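Listed here are the chains, written in short residue letters.
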Amino acid sequence: GQSIVGIPVILDTDIGHDVDDVWALVFLLRCPELDVKLITTTTGDTLYRARLTAKVLETLGFSHIPIGVGIPLDDNPHTHDEWLGEYDLGRYPGAVVHDGIGVLCETIMASEQPVTLICIGPLPNIAAALSREPNIAKKAKFVGMHGSIRKGYAGATKPMREFNVKLHTLSCRAVFEAEWEKVITPLDTCGDIILDGDHFALIKEAAVREGPDSPAGICIANHDAWFRAITNGAPIKKMDPSKQSSILYDLVAIYLGFAETWLEMEELEIKITPDGKTLEEHGGDTVRCAMNWKNRPAFLDMVTRRLTEPAA
């Protein structure tokens, strides 16, 4: 029983492509600091993403959380079909709102406290919401997994076009130009977040001990199924899925939804270029960027603990 009411949060996710969104959603639900008001699905087949969200929420006993179906854009492989099975969105006990943009605007405008909007995918939903109801910028704070400022993928020493920015660059630019508080984890701090060694072993043990419907069980089942879907049985040189997770970029954005203690934040002026770069540029938009870790082991310990502890 938590007497402290958590920070009101909306998660906007492209769950169902890379598996890190599943880990991030489960971690989010295990963070008592956060009070999840709504989850919206973005890009690709947003109904498939909503089904996956619904199954995770229902399995973990969070079906009071409404789901908003976002704008379906692009094509995306359904890499989580094995775990999702025949799950029908119609059976979800909570609300499913097909105008995800509308319910996102309403939820922010109706909230008495400022809402933290945690965005772990490309940003067309958020750009659409800003254009429909510009006042959401006065009542919400933006936290995102976006960009690559001094480091790129796989620890590359030069920045790259990061997926969540480059897929819908104009949307991203609109979100960064809006007059709200902006906090991001670029690849600089989230590009090497992997659970391996004892951390992964503990999560696998918890999945067996607590069963397939537990937080760890859901993460491991989706991890395994996703790995099979992306490899089609072909071995990937660098990754042994029995010993480590994939790169869990989105976990860092969830943490930034309630704390910055273990990260070095820098206030930078950021410009989103038309070709999808995130540049430090004078006159750009002010963004607080997580540029380095102060205590990465403490973060990985916390994630592991929250995914493996029996539900309170």
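Residues numbered from 1 in each chain as written. Predicted model: local features only at pLDDT ≥ 70, side-chain atom pairs only at ≥ 80, totals over all residues. Heavy atoms only, no water.

(A) View of the overall build of the protein chain. Within the protein chain, the secondary structure is distributed over 13 helices and ten strands. Expected size for 312 residues packed as a compact globule is a radius of gyration near 20 Å; at 18 Å, the protein chain falls within 12% of this value. With the C-alpha coordinates of the protein chain rotated into their principal frame, the extents come out at 50 × 45 × 40 Å. Within the protein chain, the fraction of its 312 residues that count as buried is 57%. For the protein chain, long-range pairs separated by at least 24 residues make up 79% of all intrachain contacts whose partners lie at least 6 apart in sequence. Accessible area of the protein chain: about 13000 Å², with a carbon and sulfur share of 52%. With 30 positive and 44 negative side-chain charges, the protein chain shows a spacing of 3 Å between the two charge centroids. (Helix = DSSP H or I, 4+ residues; strand = E, 2+ residues; numbered from the N terminus. Rg over C-alpha atoms; globule rule 2.2 N^0.38 Å. Buried < 20%, exposed > 50% of the residue type's maximum accessible area, 1.4 Å probe, protein only. Contact = heavy atoms within 4.5 Å. Areas by Shrake-Rupley, 256 points an atom, 1.4 Å probe, with all protein chains shown as cover. Lys, Arg positive; Asp, Glu negative; His and termini not counted. Charge placed at Lys NZ, Arg CZ, Asp CG, Glu CD.)

(B) How the structure looks around the packing of helix 1 (residues 20-29) against helix 11 (residues 215-231). Interhelical geometry of helix 1 versus helix 11 gives an angle of 175° and a closest axis separation of 9 Å. As summarised for this structure, helix 1 and helix 11 are arranged roughly antiparallel, according to the angle between their axes. Contacts between helix 1 and helix 11 involve Val 22, Trp 23 and Val 26 from the former and Pro 215, Ile 218, Cys 219, Ile 220, Asn 222 and His 223 from the latter. (Axes fitted to C-alpha atoms, helices over the stretch in contact; angles between N-to-C directions. Parallel < 35°, antiparallel > 145°, perpendicular 65-115°, else oblique.)

(C) Structural view of the side chain of Thr 278. Secondary-structure assignment places Thr 278 in strand 9 (residues 278-280). Since its relative accessible area comes to 3%, Thr 278 is described here as buried. A distance of 2.9 Å separates a polar atom in the side chain of Thr 278 from the backbone nitrogen of Ser 148. Sequence-distant contacts of Thr 278, that is, excluding residues within four places in its chain, are made with Gly 147, Ser 148, Ile 149, Val 165, Ile 270, Lys 271 and Ile 272. (Polar contact = N/O pair within 3.5 Å; in protein donor to acceptor, adjacent residues only side chain to side chain.)

(D) Representation of the environment of Gln 113. Secondary-structure assignment places Gln 113 in the loop between helix 4 (100-110) and strand 5 (115-119). Taking the relative accessible area as the measure of exposure, Gln 113 reaches 42% and is therefore partly exposed. As for Gln 113 and Pro 8, which are separated by 105 residues in sequence, their C-alpha atoms are 7.3 Å apart. Leaving out residues up to four positions away in the same chain, Gln 113 has contacts with Gly 6 and Pro 8.

(E) Just the packing of helix 5 (residues 124-132) against helix 8 (residues 169-177), in detail. One way to put it is that helix 5 packs onto helix 8 with a least axis distance of 8 Å and a crossing angle of 55°. It follows that helix 5 is oblique to helix 8 by the angle criterion. The interaxial crossing formed by helix 5 with helix 8 has left-handed handedness. Two secondary-structure elements touch here, helix 5 through Pro 124, Ile 126, Ala 127 and Leu 130 and helix 8 through Ser 171, Ala 174 and Val 175. Looking at the contact of helix 5 with helix 8 residue by residue, the class counts come to six nonpolar, one polar and no charged. (Left-handed = near helix turned anticlockwise from the far one by under 90°. Nonpolar A, V, L, I, M, F, W, Y, C, P; charged D, E, K, R; others polar.)

(F) Geometry of the environment of Arg 132. Position of Arg 132 relative to the elements: it lies in helix 5. The spacing of Arg 132 and Cys 119 is 13 residues in sequence and 18 Å in space, taken between C-alpha atoms. Setting aside chain neighbours within four positions, we find Arg 132 in contact with Asp 99, Ile 101, Gly 102 and Cys 105. Reaching out from Arg 132, the side chain makes a polar contact with the side chain of Asp 99 at a distance of 3.0 Å.

(G) Structural view of the nonpolar core. Judged by nonpolar contacts, the single largest core of 69 residues is most densely connected at Trp 23, Leu 25, Ile 118, Ile 254 and Phe 299. The greatest single-element share of this core, amounting to eight residues, is contributed by helix 1. Dropping the residues within four chain positions of it, Ile 118 is found in contact with Val 9, Ile 10, Leu 11, Asp 12, Leu 34, Val 143, Ala 253, Ile 254 and Gly 257. One finds Cys 119, Ala 137, Phe 176 and Ile 270 within the second-largest nonpolar core, a separate group that totals 32 residues. (Core = buried A, V, L, I, M, F, W, Y, C linked by side-chain atoms within 4.5 Å.)

(H) View of unusual backbone geometry. Positioned with a positive phi, Thr 43 is a non-glycine residue whose angle comes to about 60°. Positionally, Thr 43 belongs in the loop between strand 2 (34-41) and helix 2 (46-59). On the basis of relative accessibility, which here comes to 3%, the residue Thr 43 falls in the buried class. Located in the positive-phi region is Ala 154, a residue other than glycine, with phi close to 55°.

Nothing here speaks to function; it is all geometry.
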